[in-house]
Each structure stands twice: as structure tokens, then as C-alpha cells.
Amino acid sequence: MTQRPHHAAIQPPSPWRWRHAPALALLALLAACGGGGGGTSATSTGGSSSSSSAASVPAEPTLTLAQLGDRLFEETALSASGKLACASCHVEARGHADAAGGFLPLGGADGSRQGLRSSPSARYLDQAGAFAFDAQGRPHGGLFWDGRADSRTQQARGPLFNAAEMANADVPALAARLRALPYVADLRAAAGLPAAATDDQLVDAAVAALARYQAEDAKFHPFTSKFDAVQDGRASFTAQEQRGLDAFNDPQRGNCASCHDSRPAPGLSRALFTNFSYHALGVPRNHSQATADPAFFDLGLCGPQRSDLAGRTDLCGLFRTPSLRNVALTAPYFHNASFAALEDVVAFYATRDVDPARWYPVVGGQVQAYDDLPAAYRANLQRGAPFRRAGQAPALSAQDVADIVAFLNTLTDGYTVAPPAN
């Protein structure tokens with residue numbers, strides 16, 4: 001099990017409350033469900049009764065749904081391979097993102113199938129909201145790289161049935177694994193379910209527990225970085241960190257804050273460092289099981305993991321903007337894990353178009369720029385600062401890049417303010 005550092009809990013802003021409404025509604029529905037058929041019940045840790053009438057009465061809960069979600073988050077027995085848990089791809093010590101030194105996560109029925117995308121951080125997602133288009137027709141919100149989940153509950157359900165992740169064949173298969181857990185009676189009790197809960201009820205309870213855990217536990221929104229300490233007046237930036245923040249915010253240089261807000265959104269007390277928008281950045285093609293097929297392209301909003309926007313060619317190649325909180329911990333970077341170093345990520349923004357040979361393959365003397373996005377969709381590429389046209393000077397100097405990286409390191413949670421010197 002992942003070892004967890006203890007952070008001081010900071011109360012989340014009040015707008016988080018209504019974000020939990022879907023999970024609460026699901027719990028109310030589960031509590032209203034009666035007995036019904038389906039499934040062999042596991043032996044309760046609190047004792048059992050031979051009376052058939054007692055079997056339809058939910059047990060008194062001893063653990064909360066969030067506490068059970070914590071256990072389920074670490075539970076490898078939920079996967080078809082018996083090797084993969086939610087925590088395998090969302091490692092707490094890595095900002096709840098990919099494990100250190102990893103590339104694309106491995107999953108599937110035997111644990112050897114490579115995932116299509118890197119594991120984004122599971123932190124600071126409470127304000128994402130459902131996927132939608134704004135008044136200007138721009139996409140925003142949703143979870144996963146392509147926004148296909150509208151809530152923590154939908155997001156928690158996805159990996160359980162993804163063939164390249166936990167790979168449960170169907171609801172009955174996952175329900176059987178849940179019934180084999182030594183704490184399944186606790187799960188039923190916390191969800192208000194009887195011993196004869198159906199497969200669907202049991203799976204819904206597990207998904208609700210995972211969502212509730214992530215919504216309620218301070219580890220998923222601690223706001224304990226040096227940046228937060230500076231905002232609170234408890235610490236100060238170094239000269240380099242301050243230069244980095246200045247370049248980060250400068251619309252003519254880094255322009256990072258245009259997508260990664262460094263100031264709190266209206267109604268919030270803390271900056272999230274994302275506006276949950278979508279952009280096509282033209283990152284280089286990686287080398288993975290999927291891209292071994294030269295005809296395959298991951299087009300984000302256009303598919304392949306969502307299909308409802310397949311006809312929107314203006315959205316092909318767009319992926320959701322992640323929060324930069326804990327970004328120093330969450331390598332590899334971008335949806336396809338094509339960068340291992342944060343310094344290279346910032347430099348890529350500065351030189352993608354002015355020095356493409358630095359990032360893309362050269363074949364027959366020709367740079368294969370934007371090689372992971374078909375030519376038909378390259379009009380969707382993000383332009384403007386920090387990107388510059390070929391022949392122009394980079395928007396960021398090498399010193400700017402180093403300064404921005406120094407600032408980004410202040411976004412790592414777990415910062416401790418040094419006591420004053422005697």
C-alpha cells in the first residue's frame with residue numbers, strides 16, 4: 001500500500017458542496033433500494049443470521065462510505081489481473097498521478113496491456129464541472145483527458161471496466177470480486193444495502209464510495225504548497241521563483257496563466273492553476289503499443305475513447321488542460337507521456353514552432369512537425385504566446401524557462417514553513 005504523508009487539512013471552499021450532489025443522490029437511491037435477487041452474499045464481519053427476514057435488513061454501518069472508498073482505492077482485487085488498483089496509477093507521493101519512472105500505465109486482464117494515455121492527477125478536480133460548451137462554443141469541464149466523465153462518480157467507474165486498465169468484463173464480474181472482499185458487509189452497510197444486494201447495487205455502492213473518498217479526503221485538495229504559504233503571508237518566494245511567476249503570468253512571454261489560472265476563480269479562495277479548457281498543442285508522437293500502428297492517432301475530443309464528438313473536426317487533437325499543482329511530481333507529461341522532464345515541457349512551449357527539429361523527427365532533411373496530429377486537423381493547433389512563428393525569437397529565454405520551472409516547484413503540496421531563527 002502506498003505510504004502517505006500527513007498533511008494539515010485545509011477546509012475546501014464552500015462551492016465544493018454542491019459538487020457532491022450526484023454522489024449524495026446516488027447514496028439516497030441506494031438506501032431506498034430493497035432486497036431483490038441476484039448474488040451470493042459474503043459472510044458479514046459483524047456476524048450473520050439464518051433468518052431470511054434478517055437478510056433483507058441492512059446492517060448498521062461501522063465505516064463511512066468515504067473510509068471504504070479509501071480501502072477500495074488501494075484494492076488490487078478489484079482488477080481482473082489482481083495486480084492493479086486505482087492507487088497503482090494515481091500514486092499519492094506523485095500528486096496522485098503516474099508512479100515515478102513510469103511511462104504509460106500497464107493494465108488489462110493479465111497486467112501487460114499498455115494504456116493509451118498517461119494517468120492525470122486525481123487532485124484538484126472538484127471544480128471541473130460537467131463537460132459543456134461555453135457561450136463562444138469553446139469546450140470546458142469534464143474529467144479524463146477528453147472530458148468524457150461529468151462527475152467523480154463517472155470517472156471512478158471508467159477504469160474498472162476499461163479493457164486496458166482494471167479490465168472487468170461486466171458488472172457481474174466486478175460484483176463477484178466485491179463479494180469476495182472481507183469488508184463487503186461494511187460496504188453494504190455504509191450504502192444502506194441488504195445482504196441480498198444485486199450486482200448493480202453493489203457496484204454502484206463501490207463507485208459511490210470511491211467518488212466520496214476523493215471528494216471528502218483532504219489529500220485530494222490539500223492546498224499545502226509553498227505557493228499557498230506565500231499567498232497566506234507565511235512564506236516568501238526566492239528571487240528566481242518570483243521571476244518565474246512574473247514570466248508565467250506575462251501574456252507576452254509565458255502566457256501560462258491564460259489556461260493555468262494563478263489567481264482564484266470567482267467564488268474560490270485558492271488558485272487551481274487550470275481553467276479546465278481544451279487545446280491542441282501538437283506534442284510529439286510517443287512510442288507505445290497504440291502508436292506502433294502508423295495509421296493510429298489519439299484525437300482527444302474526437303476519439304477514440306469518446307465517440308459523441310467524432311464529427312467535430314474542429315475539436316480533433318484537443319485535450320483538457322490539467323492543473324499544474326504538484327506538476328513537479330506528475331511526470332511523464334502531456335496526454336501521451338511524451339515528455340519526462342518539466343524543463344523540456346516549458347522549453348517545448350517556447351520553441352515548438354521556432355526550433356521544431358528539437359522536438360520532432362527529421363526524415364530526409366525534413367522536420368516532421370506535429371507528427372502526432374494529422375495534417376487535416378493542424379488548423380486546430382494553439383497559436384499565440386508563448387508560441388511564435390518560424391523565424392521569430394522565442395518568447396522565453398533559457399533563463400525564463402529555468403525561472404518558470406523554479407516557480408512550478410512551489411506548487412508541490414506538503415511544504416513546511418521553517419520556524420523562525422532564534
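Conventions we followed
Residues numbered from 1 in each chain as written. Predicted model: local features only at pLDDT ≥ 70, side-chain atom pairs only at ≥ 80, totals over all residues. Heavy atoms only, no water. Phe/Tyr/Trp six-rings, centres within 6.5 Å; stacked < 30°, edge-to-face > 60°. Buried < 20%, exposed > 50% of the residue type's maximum accessible area, 1.4 Å probe, protein only. Lys NZ or Arg CZ within 6 Å of the ring centre and 35° of its normal. Helix = DSSP H or I, 4+ residues; strand = E, 2+ residues; numbered from the N terminus. Arc of directions from axis to C-beta. Disulfide = S-S within 2.5 Å. Axes fitted to C-alpha atoms, helices over the stretch in contact; angles between N-to-C directions. Parallel < 35°, antiparallel > 145°, perpendicular 65-115°, else oblique. Contact = heavy atoms within 4.5 Å. Nonpolar A, V, L, I, M, F, W, Y, C, P; charged D, E, K, R; others polar. Salt bridge = Lys/Arg side-chain N within 4 Å of Asp/Glu carboxyl O.

(A) A look at the packing of aromatic side chains. A complete count under the given rule lists 22 aromatic pairs for this structure. Both rings, one in Tyr213 and one in Phe220, keep their centres 5.1 Å apart while their planes meet at 85°; by these two values the pair is edge-to-face. The pair formed by Tyr213 and Phe220 is uniform in burial state, with each residue classed as buried. Measuring from centroid to centroid gives 5.4 Å for Phe334 and Phe339, while their planes differ by 65°, and the two rings are edge-to-face. The same class applies to Phe334 as to Phe339, namely buried. A connected cluster of aromatic rings, assembled from ring pairs, spans Phe334, Phe339, Phe348, Tyr349, Trp359 and Phe387. Above the ring of Tyr124, the side-chain terminus of Arg325 is found at 5.1 Å from the ring centroid. The ring of Phe387 has Arg352 sitting right over it, with the charged end atom 3.7 Å from the ring centre.

(B) Just helix H10 (residues 239-249), in detail. For H10, the full list of buried residues reads Glu241, Gly244, Leu245, Ala247 and Phe248. Seen from one end, H10 has its buried residues packed into an arc of 165°, which puts them on one side.

(C) Representation of the state of the cysteines in the model. If you walk through the whole model with that rule in mind, you get one disulfide. Here Cys302 connects covalently by a disulfide to Cys316, the sulfurs 2.2 Å from one another. On the sign convention where negative means left-handed, the S-S torsion of about -95° between Cys302 and Cys316 marks this disulfide as left-handed. Of this pair, Cys302 sits in the loop between strand S5 (278-279) and strand S6 (319-320) while Cys316 sits in the loop between S5 and S6, and the two are 14 residues apart along the sequence. Overall, the relative accessible area of 2% leaves Cys316 in the buried class. Cys89 forms no disulfide, and the closest cysteine sulfur to it belongs to Cys86, at a distance of 8.6 Å. Left without a disulfide partner, Cys256 is nearest to the cysteine sulfur of Cys259, which lies 9.0 Å away.

(D) Molecular detail of the packing of helix H7 (residues 184-191) against helix H8 (residues 199-216). In the contact formed by H7 and H8, the axes pass within 10 Å of each other and the chain directions differ by 80°. With respect to their mutual orientation, H7 and H8 come out roughly perpendicular. Across the interface between the two elements, Val184, Leu187, Arg188 and Ala191 from H7 touch Leu202, Ala205, Ala206 and Ala209 from H8. Along the lines of polarity and charge, the residues of the contact of H7 with H8 split into seven nonpolar, no polar and one charged.

(E) Up close: the pattern of salt bridges. Counted according to the given criterion, the structure contains 23 salt bridges. Between Asp134 and Arg138 there is a salt bridge, with the nearest N and O atoms lying 2.8 Å from each other. The closest approach of N and O atoms between Asp204 and Arg157, which form a salt bridge, is 3.1 Å. One end of the pair, Asp204, is in helix H8; the other, Arg157, is in helix H5 (residues 152-161), and 47 residues separate them in sequence. Exposure remark for Arg157: the relative accessible area of 28% places this residue in the partly exposed category. Within the structure, one salt-bridge network assembled from shared partners comprises Asp228, Asp232, Arg234, Arg270 and Arg325.

(F) How the structure looks around unusual backbone geometry. Between Ala331 and Pro332 the backbone carries a cis peptide bond, its omega angle lying at 5°. Tracing the sequence through the fold places Pro332 in the loop between S6 and helix H11 (342-351). Each neighbour pair has its own omega, and for Ala385 with Pro386 the value is 10°, a cis peptide bond. Within the secondary structure, Pro386 sits in the loop between strand S8 (366-367) and helix H12 (398-408). Even without being a glycine, Ala167 presents a positive backbone phi close to 60°. The topology assignment puts Ala167 in the loop between H5 and helix H6 (171-179). Non-glycine residue Phe273 carries a positive phi angle of around 60°. For Phe273, the position within the fold is in the loop between H10 and S5. For Phe273, a relative accessible area of 0% translates into the label buried.

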